[in-house]
Amino acid sequence: MKLVLFFVLLVPGLAASSPLDECRTFQHHGQRQEAQACFARLAHSNDSFLRAEGEWGLGRFEDANAQFKIAYDEHKDSPEVRVEWGKLFVAGQNMQEAANLFQEAVKLDENYAPAYLALGRLAGGFDKKSEELTRHAIELDPKFVEAHEYLARLALENDDPKLASEEAHKALSLSSEALDAMSVLASMDWLNGAWLNGAPQSEWMTRILKINPIYGEAYATGAYFFIINRRYEEGVRFDREALKLNEDLSAVRSDLGINLLRLGQDEEARQQLERSYNAHYAGPETRNALRFLDTVKDYEVLLGPHSVILLHKKEAALLGPYIQPELEAAIAAYQKKYKMTLPGPVRLEVYPNHDDFIVRTIGLPGQGGLLGVTFNSVVAMDSPSARPPGEFRWSATIWHELSHVYVLNATHELTPRWFTEGLAVHEESAHESDWADRMTPEIVAALQKKQLLPVLRLEQGFLRPQFPSQVLVSYYQAGRICDFIVEKYGNDAILGMIHSFADHKTTAEAIVANLHEQPEAFDKEFSAWLDKQTQSTVLHFSDWKKAMQAGPDKLTPAEGNRVRDYYPEYTGADSSYELLAGLYANHGDKAAARRELEQYRNLGGHNITSLKKLAAYEQEAGDNKETEKTLKNVDDIYLEDEDAHRKLGTLLLNRGDAGGAVREYQAAIALKPADVAETHYDLARALLAAKRDKEAKDEVLVALEAAPGYKPAQKLLLQLSQ
């Protein structure tokens, strides 16, 4: 969510000292007509800078830009002109031009505090540079009200309500009419329940409305904080309240549309986004969301007992028979485990185009790391076809995201991020051990450097990472914390923590209430437990890296075994298991190669080529049970391998699982096989075994249509006809 409010108002509480300050004072108090008349007078000023501000105040952005160009040349030494022009570019979503102008202002006057604040806002609240630049602005001007207000906002984003309150009150001590400071304080009240269940409105909002009766930006600030805390329905409610006060807040209307889209309310989302766009607010999120809505016609809906699944028409026939039963099985398992029933069906949207998925969830394409995102009971995720084969396990993603659905619904979206993410990671491995969140080299490096955070600060690892891989490390740590809690205290402790968070308890309170110890003691026990499991890998990590850097060509089987045992959890690119399997295969020892690859599979290895090689070894050895297990792993990772579907279909049919065989052969057909006749014939055999004779006959006829002389199909047709 954006909500970049860059209008510069007169420092509240001070008398107007210039024509521009007079206009901003009217604007600050919500006196629209007076403000418009004032800006109209500015637009006819002899000074190009004042004309630019006047045109901007009237909402004539192109005219304002033209006047700022003149002012830029006429006020060559003015950092103020550059900062103000830069803010106009921010309003127009041209961030690069804005940054250039802010940097120019700093070069003109390295002590000009507004330039640093502008750069801090541009960096965005979740970049540590934002806080650094804002603090520098305050160092230059300790009485800079806006900087204190923005620092309060940053602190609340960073889950530090104490600092947020301190900075907001500093702003208020400098100006009793610091509206954005009051908006942060009101947001803290709302987050703590002052809006829930018909509770009274925040006193800060009452004060805001006395100063400015149309200051919808305050509600929009509350909406922003609800959204970043994944409380989407409340965020939508507050966006609506903002627009009731001031329907001209086009950026807020755009946010409302995007949040409605997240909740699956596509029709109204389009209406709000189009209104925002038609009001000349055409930010990239708005445009992308509208383009995305134009693609909805390319999807079809699959209804299940407890689910609504949106699949692209080009792959619905392939994905539906796999994704629907997986989702329904996860719903049944979590309903029992979490002892709750969801208020309605789960909506799962599966996108074959990764950028469509990202626009659907974030608003801007180009974000590569996400696999799935949950909004209350709506889940959006990448299709298996959206990424290269073997890059992720689609089935595990469903179980991960569905855990979020249950926990967010159970807690009314009040659970901290570290807990909901950690529990979802835990649930993956609880369902299938080979889905466990393995230690990547980045995680081992963090363990080696002792970079894990205390549980009370773990949220910061997700919100404001201090090193490049900290988000990844925090996912791992949170998951292992939940593993530890279940191992030591049982699943009931997890349920107890869920109930504590639903009751507005903090992490510290939830730990004390359910684990019966202080967070500091918990940290020590967890660290000792984790160290015991990881110390060998951490100790030998440097040796492992050195051996891997030397290259596989220099490894003998004996050296490969030693390197593998340095870091047995590693199943990434060129894992020791795969290298050893290749070495053994080159020496003709297929049994040893198979043994290495089975360890790789059991530890969650994703490489499709390696898994198919393992299936070939197992099939050659006549081990149908292990072959079936491996090919099912291929299905769990990548559904577009026709050969794997056909081989698995044959195995299932031979052992009497006709229904499973039907699904595999249907998948092969959905992938448009090269041998149409044989594949339809195989499906006919499976349908016959499943006692679906009419469908079997239809498939035989399709096979014969493709190859009229195909004798096995002719024979089966005769059998079916008799």
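Reference entry: report on the structure contained in this document.

So, how was this worked out
- Residues numbered from 1 in each chain as written.
- Predicted model: local features only at pLDDT ≥ 70, side-chain atom pairs only at ≥ 80, totals over all residues.
- Heavy atoms only, no water.
- Helix = DSSP H or I, 4+ residues; strand = E, 2+ residues; numbered from the N terminus.
- Areas by Shrake-Rupley, 256 points an atom, 1.4 Å probe, with all protein chains shown as cover.
- Lys, Arg positive; Asp, Glu negative; His and termini not counted.
- Charge placed at Lys NZ, Arg CZ, Asp CG, Glu CD.
- Salt bridge = Lys/Arg side-chain N within 4 Å of Asp/Glu carboxyl O.
- Phe/Tyr/Trp six-rings, centres within 6.5 Å; stacked < 30°, edge-to-face > 60°.
- Buried < 20%, exposed > 50% of the residue type's maximum accessible area, 1.4 Å probe, protein only.
- Core = buried A, V, L, I, M, F, W, Y, C linked by side-chain atoms within 4.5 Å.
- Contact = heavy atoms within 4.5 Å.

Looking at the overall build of the protein chain
Here comes step 1: Counting secondary structure elements, the protein chain contains 38 helices and five strands.
Here comes step 2: Accessible surface, the protein chain: about 31,600 Å² in total, of which carbon and sulfur atoms supply 50%.
Here comes step 3: The average position of the 79 basic charges and that of the 108 acidic charges among the side chains of the protein chain differ by 3 Å.

A few points about the pattern of salt bridges
Here comes step 1: All told, the structure shown has 45 salt bridges when counted by the stated rule.
Here comes step 2: Between Glu84 and Lys87 there is a salt bridge, and its shortest N-O distance comes to 3.3 Å. Taken together, the positions of Glu84 and Lys87, both in helix H5 (residues 79-91) and three residues apart, correspond to about one turn of that helix.
Here comes step 3: Connected through salt bridges with shared partners, the residues Arg24, Glu53, Glu84 and Lys87 form a single ionic network.

Examining the packing of aromatic side chains
Here comes step 1: Overall, the coordinates contain 32 aromatic pairs when judged by the stated rule.
Here comes step 2: An angle of 5° between the planes, with centres 6.5 Å apart, marks the rings of Phe522 and Phe526 as stacked. Pair noted here: Phe522 and Phe526 are both in helix H27 (residues 519-539), with a separation of four residues, about one helical turn.
Here comes step 3: Given the relative accessible area of 1%, Phe522 is considered buried.
Here comes step 4: Between Trp544 and Tyr570, the ring centres sit 4.9 Å apart and the planes meet at 65°, which makes this aromatic pair edge-to-face.

Section: the nonpolar core
Here comes step 1: Counting 84 residues, the largest nonpolar core has Ile323, Tyr338, Leu348, Leu402, Trp418, Phe419 and Phe522 as its most contacted members.
Here comes step 2: The element that contributes the greatest number of residues to this core is helix H18 (residues 316-337), accounting for nine residues.
Here comes step 3: With near-sequence residues (within four places) excluded, Tyr338 lies in contact with Ser403, Tyr406, Val407, Leu423, Glu427, Leu495 and Ile498.
Here comes step 4: Leu156, Tyr215, Tyr219 and Val236 belong to the second-largest nonpolar core, a separate cluster that totals 61 residues.

Side note on the environment of Leu20
Here comes step 1: One can find Leu20 in helix H1 (residues 19-28).
Here comes step 2: Judged by relative accessible area, Leu20 falls into the buried class, the value being 5%.
Here comes step 3: Separated by 31 residues in sequence, Leu20 and Arg51 place their C-alpha atoms 9.9 Å apart.
Here comes step 4: Aside from chain neighbours lying at most four places away, what touches Leu20 is Phe39, Leu42, Phe49, Leu50 and Glu53.

Notes on unusual backbone geometry
Here comes step 1: Unlike most non-glycine residues, Asp159 shows phi in positive territory, near 60°.
Here comes step 2: Within the fold, Asp159 resides in the loop between helix H9 (145-157) and helix H10 (161-174).
Here comes step 3: Accessibility expressed as a relative area gives 49% for Asp159, which makes it partly exposed.
Here comes step 4: With a phi angle near 55°, Asp574 is a residue other than glycine that sits in the positive phi range.
Here comes step 5: Mapped onto the elements, Asp574 comes out in the loop between helix H29 (557-566) and helix H30 (576-586).

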